[in-house]
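So the chains spell out like this:
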Amino acid sequence: MAQWEPFAFDAEGTSAIVHGENLNVLEGLPDEAFSLVYLDPPFNTGRDQVRRTTRSVPAATGEGDRVGFAGRSYETIMGSLLRYEDSFADYLGFLEPRLMHARRVLATHGTLYVHLDYREVHYVKVLLDALFGRRCFLNEIIWAYDFGGRTAKRWPAKHDTILVYVKDPTAYHFNSADVDREPYMAPGLVGPVKAARGKLPTDVWWHTIVSPTGKEKTGYPTQKPAGVLRRIVTASSRPGDWVLDFFAGSGTTGAVSEQLGRKFVCVDSNPEAVDVMRRRLPDTAVFSAS
Ligand SMILES: C[S@@+](CC[C@H](N)C(=O)[O-])C[C@H]1O[C@@H](n2cnc3c(N)ncnc32)[C@H](O)[C@@H]1O
């Protein structure tokens, strides 16, 4: 496997799968190279992260520590969180430097999507508000699915949340015109032309999970559906743009980017993920960053 060396992310460059610790890879990536960063981080990052109880908060350029809830700063809030929830202290300590790099490598017109479950999303929202500034928060997408058992003891959790931040709220790229449309709930009320065209998706996306028996399945346990990524890549990048996923898993972001004519860098530290990506993206060069 060739050694990973970052290159110019321009029209000459070709897509890459990188095996390695993503923080090492991120440190070598140039500023503003990517139009889209999609991340689906694992929650169980292990207990080997160094816990920090005081932290300096990197601010969006020229904005200072502007995240104040009733006069409380981000640092105050994070301090309280960290005191009562050790596992989230570890988690946020793991994510923070990686999300800082995600922001740094985004182009001015770029967008970050962070895919989270209902236990993590609120903690990460506060962290992202601090890193990007609240005015850069674009959307909270709810991906709703219907699969598996239903507990009778509470409302069964059947959704993930995808937080969306833009680098610059005055300059971001968003093309909803090319996104797949949805059937109207009451097509009889809108007339045949509109009914045939369907409606623009909202921030709630109903989409099945990757079927355990379907063609899309790679065998990688946390694989996300290509249909969800297709909307994201279509809306928030243009053909020829560079897309980054540094928690790439089975390479869904890479597969969709390839189908849609985008270039991509997919990073994962798990050799099994790299094997799956190699099979899924046989024409893509594979590098080692260790
Ligand atoms: C939830 S999975 C991503 C699944 C992916 N979205 C898909 O559709 O297959 C998260 C991935 O992050 C990888 N990962 C976790 N920590 C990492 C690190 N520090 N550097 C690189 N990859 C990491 C794991 O190996 C895992 O494959």
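The model shown is predicted, which means the values in this text are computed figures rather than measured ones. (Residues numbered from 1 in each chain as written. Predicted model: local features only at pLDDT ≥ 70, side-chain atom pairs only at ≥ 80, totals over all residues.)

Before going further, it helps to examine the nonpolar core. In summary, soluble globular proteins display a tendency toward joint burial of nonpolar side chains. One finds Phe-34, Val-37, Val-114 and Leu-128 to be the most contacted residues of the largest nonpolar core, which totals 64 residues. Looking at this core, the element that brings in the most residues is helix H3 (residues 86-105), giving seven residues. (Core = buried A, V, L, I, M, F, W, Y, C linked by C-beta atoms within 7 Å. Buried ≥ 20, exposed ≤ 12 C-beta atoms within 10 Å, placed from the backbone. Helix = DSSP H or I, 4+ residues; strand = E, 2+ residues; numbered from the N terminus.)

Turning our attention to helix H6 (residues 226-236). Residues of H6 that are buried: Val-228, Leu-229, Arg-231, Ile-232, Val-233 and Ser-236. The elements touched by buried residues of H6 are strand E3 (34-39), strand E4 (106-116), strand E5 (137-144), strand E7 (204-206), strand E8 (242-245) and helix H7 (252-259). (Contact = placed C-beta atoms within 7 Å.)

On to the site of the ligand, then. What surrounds the ligand is a group of 17 residues, the closest being Phe-247, Gly-249, Ser-250, Thr-252 and Asn-270. Taken together, the residues that form the shell around the ligand break down as five nonpolar, eight polar and four charged. (Near = placed C-beta within 6 Å. Nonpolar A, V, L, I, M, F, W, Y, C, P; charged D, E, K, R; others polar.)

Before going further, it helps to spend a moment on the pairing of strand E9 (residues 263-268). On a regular strand, each side chain points to the face opposite its neighbour's, so the side chains alternate between the two faces of the sheet. Within E9, six of the six residues are buried, which leaves it mostly tucked inside the rest of the structure. Burial along E9 is two-sided: the face carrying Lys-263, Val-265 and Val-267 and the face carrying Phe-264, Cys-266 and Asp-268 are both buried. Sheet topology places strand E2 (residues 16-19) next to E9; four bridges connect them, and they run parallel. Paired with Ala-16 across the two strands is Val-265, which belongs to E9. Strand direction decides the pairing type here: E8 and E9, joined by four bridges, are parallel. Across the sheet, residue Leu-244 finds its bridge partner in E9, namely Val-265. In the classification by handedness, the crossover that spans E8, the intervening H7 and the parallel E9 is right-handed. (Pairing = 2+ DSSP bridges. Right-handed = clockwise from strand over helix to strand, strands pointing away.)

With mixed pairing, the 10 strands of this open sheet are ordered in space as E1-E10-E2-E9-E8-E3-E4-E6-E5-E7. At either margin of the open sheet sits one strand with a lone partner, and together these are strand E1 (2-3) and E7. Pairing of E2 with strand E10 (residues 285-288), which is carried by four bridges, proceeds in the parallel orientation. Its bridge partner lying in E10, His-19 is registered against Ser-288. Each of E3, E4, E5, E7 and E8 is contacted by H6, which is oriented at about 155° to E3, the strand it contacts most. Contacts between helix H8 (residues 271-280) and the sheet are confined to E2, E9 and E10, with E2 contributing the most and set at about 160° to the helix. (Axes fitted to C-alpha atoms, helices over the stretch in contact; angles between N-to-C directions.)

This part covers unusual backbone geometry. A negative phi angle characterises most non-glycine residues, just as the trans form characterises most peptide bonds. Backbone geometry at Glu-32 places phi at a positive 60°, although glycine is not the residue there. Within the fold, Glu-32 resides in the loop between helix H1 (22-28) and E3. With 15 C-beta atoms packed within 10 Å, Glu-32 lands in the partly exposed category.

The interhelical angle for the contact between H6 and H7, taken along N-to-C directions, is 55°, at an axis separation of 9 Å. The orientation of H6 relative to H7 falls into the category oblique. With respect to the hand of their crossing, H6 and H7 are arranged in right-handed fashion. Only Thr-252, Thr-253, Ala-255, Val-256 and Ser-257 of H7 make contact with H6, whose side of the interface consists of Ala-226, Leu-229, Arg-230 and Val-233. (Parallel < 35°, antiparallel > 145°, perpendicular 65-115°, else oblique. Left-handed = near helix turned anticlockwise from the far one by under 90°.)

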